[in-house]
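One letter stands for each residue in the lines below.
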Amino acid sequence: MLRFEVGGEDLLRSRFALSPLFELDGLLRRLAGLSQHRLPGPWLTRVTPSYRRLRQDPAFRAVLALHAPKEGAAFTAPPPQGLAQTIDDDLAAVRSTPLPQARAEIANYGPVTDDEARAVLDSPDVVHRIADGLEQAWHDLLAPDWPQLRAICERDVVHRAGRLAQQGWLAALDGLHARVRWRDNGIEVLRSSGDRTVDLKGEGLLLVPSVFVWPGVAVHHEDPWPKALVYPARGVAALWETTTPDPGALAELLGRTRAQLLTALDTPASTTQLARSLGLAVGAVGDHLTVLRKAGLLDRVRSGRSVLYHRTPIGDALAAQA
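For clarity, every value in this text was computed on a predicted model and none was experimentally measured.

Some points on the packing of helix α12 (residues 256–264) against helix α14 (residues 282–294)
So, point 1. Packing of α12 against α14 brings their axes to within 10 Å, and their N-to-C directions diverge by 75 degrees. In this view, α12 runs roughly perpendicular relative to α14, as classed from their interaxial angle. Counting all contacts with α12, which are made through T257, R258 and L261, the residues of α14 involved are V285, H288, L289, V291 and L292.
So, point 2. Among the residues making up the contact of α12 with α14, the classes are represented as 5 nonpolar, 2 polar and 1 charged.

Below you can see the structure in the form of structure tokens.
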């Protein structure tokens, strides 16, 4: 078990963040067979041709060589800073890695039998070549799906931030993961390896919703990452389902798209988040939400710069029947 000791200052400094390159790292692990969990069949079929093309590039094979079954080179997935972090921010952080640091991390990995990949890792411009390999992998493998995946993570943050504001950290952490619990002023993460206690020392904990960490949970407590807990975002399990639920009679009553929107709003979401997560046009989603709100099935509230839609009790009852 790993335990984070949490003080009052830690609660004030704890925050949420997103990490695009951490998500790419998770995807590459699944494609390279380093994870016991595979991608859903249709998703795997769609990205496999691009993955095979990428493997022809020595720089990409060098990226894969820096992955181990449990963790990879730290400089290839820099720590997240906040919710607004983009892939460009991450790649800039990779490119700013000092060469001695990169060399030290590369040295931790066993002999690389691929001569071309080894030549990349030994080159004087290895940091920029690794960054270029990551950038190409991002555009070929993850960029098309990122708006939807980011929307799922953002909705998780909206849900937990709402619970935090209304009921405190205990409520925000509730349901985070089956292996995560709050006990005696600390956050405990159950795991198979040895026991360890980590004092947050007033620095707070970084909470990172993730798609590809599912169905597990990950912790970071050593430099260069801040102390962090990476957990599956709410709703991410639906991505791994091989069949699409049939909204049935609800679709016959409301229309398929409106039924999808109503069932998707088990947690509040903005028009843009719903459009991204369901792969629909923003304008069309806005029109359908207006109809559902006028029918008394939805309501809306402003949260910062966003307008979040949520189901009314009537909407909840109707969605429950579906």
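Looking at the confidence of the model for the chain
So, point 1. Of all residues in the chain, 94% attain a pLDDT of 70 or more, and the chain-wide mean is 85.
So, point 2. Per-element mean pLDDT across the chain ranges from 78 in helix α10 (residues 169–173) up to 96 in helix α8 (residues 126–142).

Regarding the packing of helix α3 (residues 41–54) against α8
So, point 1. Here α3 crosses α8 at 160 degrees, and the two axes come no closer than 9 Å. Relative to α8, the element α3 is oriented roughly antiparallel. Remark: the crossing between α3 and α8 carries right-handed chirality. In this structure, α3 contributes V47, S50, Y51 and L54 to the contact, and α8 contributes Q136, A137, D140 and L141.

Comments concerning empty space enclosed by the protein
So, point 1. Within this structure, the stated rule accounts for 2 cavities of 30 Å³ or more.
So, point 2. Size it by volume and the largest cavity reaches roughly 60 Å³.
So, point 3. In this model, the second largest cavity occupies a volume close to 30 Å³.
So, point 4. Lining the second largest cavity are L21, L24, D25, L28, H67, T76, A77 and L134.
So, point 5. A total of 4 residues in the lining of the second largest cavity trace back to one element, the largest contributor, which is helix α2 (residues 20–31).
So, point 6. Of the residues assigned to the lining of the second largest cavity, the class counts are 5 nonpolar, 2 polar and 1 charged.

Observations concerning the packing of aromatic side chains
So, point 1. What the rule picks out here adds up to 3 aromatic pairs.
So, point 2. Ring centres 5.9 Å apart and planes at 85 degrees place the aromatic pair Y51 and F60 in the edge-to-face group.
So, point 3. Ring plane angle 65 degrees and centroid distance 5.4 Å describe the contact between W138 and W146, whose orientation is recorded as edge-to-face.
So, point 4. Relative accessible area serves as the criterion here: at 3%, W138 is assigned to the buried category.

Some words on the sheet that holds strand β5 (residues 196–199)
So, point 1. Taken together, 4 strands build an open sheet; the order of strands is β3-β4-β1-β5 and the sheet is mixed. The open sheet has two edge strands, β3 (180–182) and β5, and neither has a second partner. Each strand of the sheet is rotated relative to its neighbour by a mean of 20 degrees, with strand direction disregarded.
So, point 2. Where strand β1 (residues 2–5) lies against β5, 4 bridges are found, and the strand directions are parallel. Residue F4 lies in a different strand from β5, and its bridge partner there is V198.

As for the environment of A172
So, point 1. Within the secondary structure layout, A172 lies in helix α10.
So, point 2. Classification of A172 by relative accessible area gives buried; the value is 2%.
So, point 3. Taking the C-alpha atoms as reference, A172 lies 9.5 Å from V157; in sequence the two are 15 residues apart.
So, point 4. Leave out the neighbours within four places in its chain, and A172 touches R160, R163 and L164.

A short note on the pairing of strand β6 (residues 206–210)
So, point 1. The element β6 is largely enclosed, with a buried count of 5 among its 5 residues.
So, point 2. Alternating positions in β6 separate into two faces, L206, V208 and S210 on one and L207 and P209 on the other, with burial throughout.
So, point 3. In the sheet, strand β2 (residues 15–16) pairs with β6 via 2 bridges, with the strands oriented parallel. Looking at the pairing, F16 lines up with L207 of β6.
So, point 4. Sheet analysis places β6 next to strand β8 (residues 228–232), joined by 5 bridges and oriented parallel. Bridged to L207 within β8 is L229.

What counts, and where the lines are drawn
- Residues numbered from 1 in each chain as written.
- Predicted model: local features only at pLDDT ≥ 70, side-chain atom pairs only at ≥ 80, totals over all residues.
- Heavy atoms only, no water.
- Axes fitted to C-alpha atoms, helices over the stretch in contact; angles between N-to-C directions.
- Helix = DSSP H or I, 4+ residues; strand = E, 2+ residues; numbered from the N terminus.
- Parallel < 35°, antiparallel > 145°, perpendicular 65-115°, else oblique.
- Contact = heavy atoms within 4.5 Å.
- Nonpolar A, V, L, I, M, F, W, Y, C, P; charged D, E, K, R; others polar.
- pLDDT = per-residue confidence, 0-100.
- Left-handed = near helix turned anticlockwise from the far one by under 90°.
- 1 Å grid on protein atoms, 1.4 Å probe; cavity = no way out; pocket = protein on both sides within 12 Å on 5 of 7 lines; lining within 4 Å.
- Points joined across faces, edges and corners; volume = space filled by probe spheres on them.
- Phe/Tyr/Trp six-rings, centres within 6.5 Å; stacked < 30°, edge-to-face > 60°.
- Buried < 20%, exposed > 50% of the residue type's maximum accessible area, 1.4 Å probe, protein only.
- Pairing = 2+ DSSP bridges.

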